[in-house]
Amino acid sequence: MDMNNILSLQALAVTTCATLLFLFLLFWLRRSHINTAAAKKTPPPEAGGAWPLIGHLHLLGGSQPPHVTLGKLADKYGPIFTLRLGVHRTLVVSSYEMAKQCFTVNDKAFASRPKSLAFEVMGYNFSMIGFSPYGFYWRTVRKIATVHVLSAQRIDMLKHVMESEVKIAMKESYNFWIKMKNNKETSERVITEMKKWFGDIAINVMFRMVVGKRFDVDEEENRRIRKTLRDFFDLSGSFVVSDAIPYLRWLDLDGKEKEMKKIAKELDEFVRVCLDQHKRDRKPAGGELDFMDVLLSTIDDQDLDGRDSDTTVKATCLTLILAGTDTTAGTLTWTLSLLLNNREVLNKAIQELDTQTGREKMIMESDLNKLEYLQAIIKETLRLYPPSPLSLPHESIEDCIVGGYHVPAGTHLLTNLSKLQRDPMLYSNPLEFRPERFLARHKDVDVKGQHFELIPFDAGRRICPGISFGLQLMQITLATLLHGFDIVNSDEGLVDMAEQSGITNIKASPLQVILTPRLSPQAFS
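Residues numbered from 1 in each chain as written. Predicted model: local features only at pLDDT ≥ 70, side-chain atom pairs only at ≥ 80, totals over all residues. Heavy atoms only, no water.

Observations regarding the side chain of E365
Logical step 1: Positionally, E365 belongs in the loop between α14 (343-357) and α15 (372-384).
Logical step 2: Here the side chain of E365 touches K159 through a polar contact of 3.5 Å, side chain to side chain.
Logical step 3: Filtering out sequence-adjacent residues up to four positions away, E365 remains in contact with K159, E163, Q472 and I476. (Helix = DSSP H or I, 4+ residues; strand = E, 2+ residues; numbered from the N terminus. Polar contact = N/O pair within 3.5 Å; in protein donor to acceptor, adjacent residues only side chain to side chain. Contact = heavy atoms within 4.5 Å.)

Right, here's the structure in full:
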């Protein structure tokens, strides 16, 4: 065979190999593309047991809170699955990894809120920023609230309001104890209902910051308003037939719309009085302004996304009052309940307070940074009993991929925070109340949305903007109470830890305790 034939055969062999390699690569790329496309269209697993029309709603209608039921479904179907709640497809996630995907790479996709009857009727047609759809209005009002009420600078300016209200509550409790002790005609124990005690502090702080005056809970009218605020949360967290099956709304089968309209009217009348007074007594710029003053001067009669200025002011002020009161009082109630059931933790907290402050004066806000164990106690409470065991629902505004599954636009998202934060893969002995875990392995974990093993205030764009404010108020209130009084459960047994279903995580039964002063009388003066 001559040299030309040999070269020709070699060229043919090279060409053939190159062609085969090209075809293989083409086949592999096409197959990869097909598999990727298929993965992008693969939906998350759906829970079994759906019924016609109502989907899986019947699964959530039992005696257990919804987050417990959904946690059991996660045990069966995994950390990401879907339900059909009436006509709405709902994605449920309950693990660190899935939550991180939702609120990092898919944060914008899940930045909106689904529409519900409660926040249409009672929330000024979705004007409350916590429940507004993603868009111009939400961004504008959230920025105003964050800068003028919830910023670190603003909280520092108003810390005297927190200290003042806590001291008022402490002094009233001390004076009542003295009165009962000196009353020879009665041998009754001095019992304090702590949900109300914590609630009084929170609501007075919020009222002073938002509308510039205290909330006098002793007046009959204000007691009625307080009940209205509680009814708002109860109705917001309750199941509404027309949310699941919108075309039945006109029937108002469960009577919820009628109830909501009544509550909306009462809330509007209340906040309208405050707004009219602020307009009459308009304060000059540069003076000490409350948040309603700030809103009036910032918005200044301009419409925002079709809403007149009065609607924006009323809705935003009510949002802050409602959010700052219920979640703060609820978390403090859970914290004290856990401490009473774990006396060794309570004693360690008191020892830290005595070491840092002594027993001649009350705790000051400036002492809080030194109270590492108390901060760990609050973190551990938020882990076990987040303010909302199910995050407020999100809604996807565009298609996205979570856990390798395709999630179409319009899907509702629920994060089961209770299940996520009790994951044994994240926390050893997760059902135990062990604040020490946040002084050791989890010392650097905070609650501000950056560590997805602990996100009690949600995460991403829709994270609660009042985290720093809420933590500050909880710390000063709890520290002052534990430092100032010896506390025992009035039933002399363990505190009942049963939960009450709703939009926020509220303890079902009252928390009644006996308070006995442990500081010198001068500390209460």
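On we go.
Quick look at unusual backbone geometry
Logical step 1: Despite not being glycine, N125 has its phi angle at roughly 55°, a positive value.
Logical step 2: A relative accessible area of 46% means that N125 is categorised as partly exposed.
Logical step 3: The backbone of D252 shows a phi angle near 45°, a positive value even though the residue is not glycine.
Logical step 4: Along the polypeptide, D252 turns up in the loop between α10 (241-244) and α11 (256-280). (Buried < 20%, exposed > 50% of the residue type's maximum accessible area, 1.4 Å probe, protein only.)

Focus: the sheet that holds strand β4 (residues 394-395)
Logical step 1: Ordered in space as β1-β2-β7-β4, the four strands form an open sheet in which the pairing is mixed. Because the sheet does not close on itself, it has two edges, and the strands there are β1 (80-85) and β4.
Logical step 2: Two elements, β1 and strand β2 (residues 88-93), share six bridges in a ladder whose sense is antiparallel. From the neighbouring strand, I80 faces β2, where its bridge partner is V93.
Logical step 3: The sheet contacts of helix α2 (residues 66-77) involve β1, β2 and β7 (412-415), and relative to β1 the element is tilted by about 130°.
Logical step 4: Contacts from helix α3 (residues 96-103) reach β1, β2, β4 and β7, with the element oriented near 135° to β7. (Pairing = 2+ DSSP bridges. Axes fitted to C-alpha atoms, helices over the stretch in contact; angles between N-to-C directions.)

Let's talk about the layout of surface pockets
Logical step 1: In this structure, the largest pocket occupies an estimated 1,100 Å³ of space.
Logical step 2: Taken together, 40 residues make up the lining of the largest pocket; nearest its centre are S236, G237, S238, P393 and L414.
Logical step 3: Here the lining of the largest pocket is composed, by residue class, of 19 nonpolar, 17 polar and four charged. (1 Å grid on protein atoms, 1.4 Å probe; cavity = no way out; pocket = protein on both sides within 12 Å on 5 of 7 lines; lining within 4 Å. Points joined across faces, edges and corners; volume = space filled by probe spheres on them. Nonpolar A, V, L, I, M, F, W, Y, C, P; charged D, E, K, R; others polar.)

Considerations on the environment of E360
Logical step 1: If you trace the backbone, E360 turns up in the loop between α14 and α15.
Logical step 2: Considered as a pair, E360 and S490 are 130 residues apart in the sequence and their alpha carbons are 27 Å apart.
Logical step 3: Ignoring any residue separated from it by four or fewer positions in sequence, one finds E360 in contact with S520 and A523.
Logical step 4: Here S520 takes part through its side chain, which lies 3.5 Å from a polar atom of the side chain of E360.

Digging into the sheet that holds strand β8 (residues 485-489)
Logical step 1: In space, the three strands of this open sheet follow the order β3-β11-β8, with antiparallel pairing throughout. Of all strands in the sheet, those with a lone pairing partner are β3 (191-193) and β8, marking the two edges. The mean angle between the axes of side-by-side strands here comes to 40°, regardless of whether they run parallel or antiparallel.
Logical step 2: Pairing analysis gives three bridges linking β3 to strand β11 (residues 512-517), with the strands arranged antiparallel. Considered in β11, the bridge of E193 is made with Q512.
Logical step 3: Contacting β8 and β11, helix α17 (residues 467-484) runs over the sheet at an angle of about 90° to β8.

Keep in mind that these numbers describe shape and distance, not what the molecule does.
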